[in-house]
Amino acid sequence: MVATTTARLSLTRRPRRLRRTEAIRSLVRETRLTPDCFIYPLFVCAGEGVRREIPSMPGICQLSVDEAVEEAAAAKAEGVPAVLLFGLPDEKDPTGSAAADPDAPVQTAVRALKRNLRDLLVMTDVCLCEYTSHGHCGIVDGDEIVNDETVMLLAQAALSHAVAGADVVAPSDMMDGRVAAIRRTLDEGGFDRTVIMSYAAKYCSGFYGPFREAADSTPQFGDRRSHQLDPANVEEALRQVELDIEQGADIVMVKPALPYLDVLTKVKERFGRPTAAYQVSGEFAMLKAAAQRGWLDEPRVMLETLTGIRRAGADMIITYYAREAARLL
Ligand code: PBG
């Protein structure tokens, strides 16, 4: 049917006026997605020249220190300002003693990165789950994860990262009192300038599946429900964020991102602090898998999810898409 020229609505407001061209859309755009808000996670292992792709995370590899430096340099060149390091130790034991080992992969990588890439921001994940033989985030007694002893070990791990040169330590364990203990230990060690980014609202999520393959950190028994947040709760998450801020967290994080955007908005609105969101391994794997089948347009959904996370309130996003998204922007 041909449009009739006589049909004319008398409208004062025509919202479509502001959507006609990319130029006007760009002027009225409310959320900007730029590579300088991305943090790129790296999985660091021992050896040299190692680049082992993680099957459920296409394009993401376990990297030896030399390769991690290459990868970080490439990310930096693409505009990504920060990396977040996870370690794959050679040896695991019940207390995760490799977590604070100055010669373990993370500490070695921090030194190498700071030596080679002066203004790259280096962040480290602080947890015991990659280091314990049982895969739990702390010391285990029967089926309990013992809080206070675990916190002492976490503080030592964080200190070892700061000594190696980490700019930011990021405790992801969800033990009570860890932020205060880490702050005190860092300060006593002369590291009052080291930033703490706490995984404050970390949910007990099925979306960590691929990460546990990447970091070899699947619990050998039980689960993480005794410390990570129940997906049904938001008030509890806000109390948790408040506690972490009181204890000295400089940046607070919500994790995962996509299923918890409401939590992200509330955290940002209520506390107004620098707020990070972690687009976790399962969120990445889900998009990758659908894209590989041709079911989703990957560049589009990648930028759409990242924009959504920013719009919901994230100042910064930890994402395995950091490099790919930076190249598109
Ligand atoms: C714990 C940790 C986890 C992730 C980051 N830090 C896994 C867990 O709690 O089981 C998940 C990240 C991801 O899924 O991408 N050290």
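Here the structure is shown first, and the text comes after it.
Here the structure is a predicted model, which means the values were calculated and not measured. (Residues numbered from 1 in each chain as written. Predicted model: local features only at pLDDT ≥ 70, side-chain atom pairs only at ≥ 80, totals over all residues. Heavy atoms only, no water.)

Trainee: Tell me what's going on with a nonpolar patch on the surface, and back it up with residues and numbers.
Mentor: Taken together, the side chains of Leu 18, Leu 27 and Val 28 present a nonpolar region at the surface, about 290 Å² in accessible area. In this structure, Leu 27 sits in helix H1 (residues 22-28). (Patch = residues over 30% accessible without salt bridge, like charges linked within 9 Å, V, L, I, M, F, W, Y side chains within 5 Å. Areas by Shrake-Rupley, 256 points an atom, 1.4 Å probe, with all protein chains shown as cover. Salt bridge = Lys/Arg side-chain N within 4 Å of Asp/Glu carboxyl O. Helix = DSSP H or I, 4+ residues; strand = E, 2+ residues; numbered from the N terminus.)

Trainee: Can you explain the pattern of salt bridges? Please cite residues and give values.
Mentor: Under the defined criterion, the tally for this structure stands at 19 salt bridges. Its salt-bridge partner being Arg 25, residue Glu 22 comes within 3.3 Å of it at the nearest N-O pair. Of this pair, Glu 22 and Arg 25 are both found in helix H1, three residues apart, which corresponds to roughly one turn of the helix. Given the relative accessible area of 41%, Glu 22 is considered partly exposed. Judged by relative accessible area, which is 32%, Arg 25 ranks as partly exposed. One salt bridge connects Arg 183 with Asp 250, and the closest N-O pair in it is separated by 3.9 Å. Separated by 67 residues along the polypeptide, Arg 183 in helix H5 (residues 178-188) and Asp 250 in the loop between helix H7 (235-246) and strand S10 (251-255) bring together distant segments of the chain. One network of salt bridges, in which partners are shared, links Arg 51, Glu 67, Glu 71, Glu 78, Arg 323 and Arg 327. (Buried < 20%, exposed > 50% of the residue type's maximum accessible area, 1.4 Å probe, protein only.)

Trainee: Which residues make up the site of the ligand, and what values go with them?
Mentor: The ligand sits among 18 residues. The nearest are Lys 202, Arg 212, Lys 255, Ser 281 and Tyr 320. At 3.1 Å, a side-chain N or O of Ser 172 approaches a nitrogen atom of the ligand. Protein chains bury 100% of the 410 Å² of accessible surface belonging to the ligand in isolation. Looking at the shell around the ligand residue by residue, the classes come out as nine nonpolar, three polar and six charged. (Near = heavy atom within 4 Å. Polar contact = N/O pair within 3.5 Å; in protein donor to acceptor, adjacent residues only side chain to side chain. Nonpolar A, V, L, I, M, F, W, Y, C, P; charged D, E, K, R; others polar.)

Trainee: Quick rundown of helix H10 (residues 298-312)? Include the residues and the values.
Mentor: Its 15 residues give H10 an end-to-end C-alpha distance of 21 Å, which sits within 8% of 21 Å, the value for a rise of 1.5 Å per residue. Those residues of H10 that fall on the buried side of the exposure criterion are Glu 298, Val 301, Met 302, Thr 305, Leu 306, Gly 308, Ile 309 and Ala 312. Each buried residue of H10 sits inside an arc of 155° when the element is viewed along its axis, so together they form one side. Among the exposed residues of H10, those pointing more than 90 degrees away from its buried face are Arg 300, Glu 304 and Arg 311. Considering only its buried residues, H10 is in contact with strand S1 (38-45), helix H8 (261-271), strand S11 (275-279), helix H9 (281-292), strand S12 (316-319) and helix H11 (322-328). Once H10 finishes, Gly 313 follows within two positions and takes phi at roughly 135°, a positive value. (Expected span 1.5 Å × (residues − 1). Arc of directions from axis to C-beta. Contact = heavy atoms within 4.5 Å.)

Function-wise, these values are silent; they only describe arrangement.
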